[in-house]
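Listed below are the residues making up each chain.
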Amino acid sequence: MNIQNHPVVSREEWLAARKQHLAHEKAFTKERDKLSAERRALPWVKIDKDYRFQGPNGELKLADLFGGRSQLIIYHFMFAAGWDEGCPGCSFLSDHIDGANQHLAHHDVAVVVVSHAPFAEFQSFKQRMGWKFDWVSSEGCDFNYDFSVSARAEDVAAGKATYNYEKSDGAEEELPGLSVFYRNEAGEIFHTYSTYARGLDLLVGAYNYLDLTPKGRNEEEIMDWVRHHDRYEDKAAASCCHGG
C-alpha cells in the first residue's frame, strides 16, 4: 500500500477497522503460543562430544557456559579469524542481548555468544561496541561445524554443506544462528533447538518496533540499512525531550 495515498477515515471508522485487526492479532497470539509449545515438545539430542572453548580465563567446556543454570542459549556470531569487526547484522541482534540478559540471568537462562575466531581477535570489537555479555571462541573444535554455522571447504565442494536444514550451494565462511541446550541435575547436556536465517528475527527487538510503524521495516533487502551502532551518520540526532 502506498503510504502517500493511505486511507484517512473518521475515528469511528478507524475504531471498527482496529477492532477487526485486534481479532486477527489475538488469533495470531494463540497460534504463536501453540508454536512455542510445539517447540518445547521437540525431542532432544544428548551431547556426547567434548567441545572446548576459549574464554577470558582460558579453556572452557560446554558445561561451563551454563554458569550454574540449567538452560543455555548460544548465539552463533559471524566473526572469523582475521576479521577486524563482526557482521553488522549479528551486531544489530547482539545490541539487544545485554538488556534481556539482566532478566534472563535471574530466570535460569545463560546467554553466551560464540564465534569461530580466536578469542583475542574479537576483544577490541566487543569493547568498541560496549557489550557486557559473555563471548567465547570455538576455535579448534567442531562446534561451529556441528551446528551448521561454518562449512568446511571439502563439504562445500562435495555438496554436503547445509544451512537452515537445507543443502547450501554457498561457500559462506560464517553464518548466523542460535542454539539452545539443557543441562539436567546429573550434568547431562542436551541440544533442544537451533534456528537460523529469519528464525532469528524474534531476537531483534528493533524489528518489533518497526513492525508497528506505518513504514514497517522499510528495507529493500533484509538489514540493508543496518550499520554498527557507532557508524550511523546521524549519531547525534536531537531527542524530542531536549531542546535543540
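First, a word on scope: everything that follows refers to the structure included in this document. Keep in mind that what you see is a predicted model, and the values were worked out from it rather than measured. (Residues numbered from 1 in each chain as written. Predicted model: local features only at pLDDT ≥ 70, side-chain atom pairs only at ≥ 80, totals over all residues. Heavy atoms only, no water.)

Quick notes on helix 3 (residues 97–104)
Listed as buried for helix 3 are Ile97, Asp98 and Asn101. Here the buried residues of helix 3 occupy an arc of 85 degrees about the axis, which is enough to place them on one side. Away from the buried face of helix 3 by more than 90 degrees, exposed residues Gln102 and His103 are located. Contact partners of the buried residues in helix 3: helix 2 (88–94) and strand 5 (109–115). (Buried < 20%, exposed > 50% of the residue type's maximum accessible area, 1.4 Å probe, protein only. Helix = DSSP H or I, 4+ residues; strand = E, 2+ residues; numbered from the N terminus. Arc of directions from axis to C-beta. Contact = heavy atoms within 4.5 Å.)

Overview of the packing of aromatic side chains
Two aromatic rings, taken as a pair, are described by how far apart their centres are and by the angle between their planes. Under the criterion given, the structure shown has 25 aromatic pairs. With 6.1 Å between their ring centres and 75 degrees between their planes, Phe79 and Trp135 make a pair best called edge-to-face. Of this pair, Phe79 sits in the loop between strand 4 (71–76) and helix 2 while Trp135 is found in strand 6 (residues 134–137), placing the two residues 56 residues apart along the sequence. Residue class for Phe79 comes out buried when judged on its relative accessible area of 0%. What makes Trp135 buried here is its relative accessible area of 2%. Both rings, one in Phe125 and one in Trp131, keep their centres 5.7 Å apart while their planes meet at 85 degrees; by these two values the pair is edge-to-face. Across the pair, exposure class does not vary: Phe125 and Trp131 are buried alike. (Phe/Tyr/Trp six-rings, centres within 6.5 Å; stacked < 30°, edge-to-face > 60°.)

Quick word on the state of the cysteines
Taken as a whole and assessed by the stated rule, the structure comprises zero disulfides. Among the cysteines around Cys90, which has no disulfide bond, Cys87 carries the closest sulfur, lying 3.8 Å off. Cysteine Cys141 shares no disulfide, and the gap to the nearest cysteine sulfur, in Cys90, comes to 18 Å. (Disulfide = S-S within 2.5 Å.)

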